[in-house]
Amino acid sequence: MITEDIKIQPYEDFEYKQFVDMFYSYFLNDLEMEIEYSQIEEVCSDIVESAKKRVIFFDLLIIDGNPKGFIIYQIDSPESDWCQKIGFGFIREIFIEHDCRKKGFGKLLVSHAEEILKSMNVKEIYLTSDNEKFWIKCGYMKTDEKGYKNQEPIYIKRL
């Protein structure tokens, strides 16, 4: 598949249904968590509200006019519902549709979030994940720390 039109842009309300569908797929297939669609809609509504308040940043990967992935990130602060390292950048969630994986789009989203956070004077970014291979390729180092909410290993990158 050769695509000409690839962009990363902030979420807009007209993309809500597509975002909810992606987030539902993310929970069912990637996180392997059984959850009702209505519960996902509640979570997505909270994400959108947090993005509107600028507590988090929420960008979509658009390929040929269609949302195909997302990244949710923040600068840790007490206003967030997840704050483990005040002042650090934090990549909360990243998702790429299965048909678009292994094509560099995940790394593209990560680089985008890193540039935004760097422009806001963030010096270090962390995340929690069980996908060591991907994050090492993106330049993150695994630490001995664990996320306090999900107990996944913490990875850190200095910008």
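Small disclaimer: the values here were computed from a predicted structure and weren't measured.

J.: How would you sum up the side chain of Glu124? Please name residues and give values.
T.: Relative to the elements of secondary structure, Glu124 occurs in strand E5 (residues 124-128). A polar contact is formed between the side chain of Glu124 and the side chain of Arg158, at a distance of 2.9 Å. In this view, Glu124 contacts Phe88, Gly89, Ile156, Lys157 and Arg158; residues no more than four positions away in its chain are not counted.

J.: Describe the state of the cysteines, with residues and values.
T.: The tally for this structure, following the rule as stated, stands at 0 disulfides. Distance from the sulfur of Cys44, which forms no disulfide, to the nearest cysteine sulfur (Cys100) is 19 Å. Take Cys44: its relative accessible area is 0%, and that puts it in the buried class. Cys138 provides the cysteine sulfur closest to Cys100, a residue in no disulfide bond, and the two sulfurs are 17 Å apart.

J.: So what's going on with the sheet that holds strand E1 (residues 6-10)? Which residues, and what values?
T.: Read across the open sheet, the 7 strands follow the order E1-E2-E3-E4-E5-E7-E6; overall the sheet is mixed. At either end of the open sheet lies a strand with only one pairing partner, and these are E1 and strand E6 (141-146). For this sheet, the mean inter-axis angle between neighbouring strands, taken without regard to orientation, is 30°. Note: strand E3 (residues 66-75) against strand E4 (residues 89-96), 7 bridges, orientation antiparallel. Bridge assignment links Ile71 to a residue of E4, and that residue is Ile94. Sitting on the sheet, helix H1 (residues 16-30) touches strand E2 (57-63), E3 and E4, and the angle it makes with E3 is about 80°. This element, helix H3 (residues 105-119), spans E1, E2, E3, E4, E5 and strand E7 (153-158) of the sheet and lies at about 35° to E3.

The rules we used
Throughout this description, residue numbers start from 1 for each chain and increase along the sequence as written. Restriction of local features to residues with pLDDT of at least 70 applies here, the model being predicted, together with a cutoff of 80 or more for giving and counting side-chain atom pairs; totals for whole chains, interfaces and linings are based on all residues. Side-chain metrics rest on all non-hydrogen atoms present in the structure, leaving aside hydrogens and water. Working definition: helices are DSSP H or I runs of at least four residues, strands are E runs of at least two. Numbering for both runs from the N terminus. N or O atoms closer than or at 3.5 Å make up a polar contact, with two conditions inside protein: a donor-capable atom paired with an acceptor-capable one, and, for residues adjacent in sequence, both atoms drawn from side chains. Any two residues whose heavy atoms approach within 4.5 Å at even a single point are treated as in contact. The disulfide criterion is simple: two cysteine sulfur atoms within 2.5 Å. Three labels apply to residues, based on accessible area from a 1.4 Å probe with only protein chains included: buried if under 20% of the type maximum, exposed if over 50%, partly exposed otherwise in between. Strands are treated as partners if at least two bridges between them are detected by DSSP. The convention used is that axes are lines fitted to C-alpha atoms, helices contributing only their stretch in contact, and that angles between N-to-C directions extend from 0 to 180 degrees.

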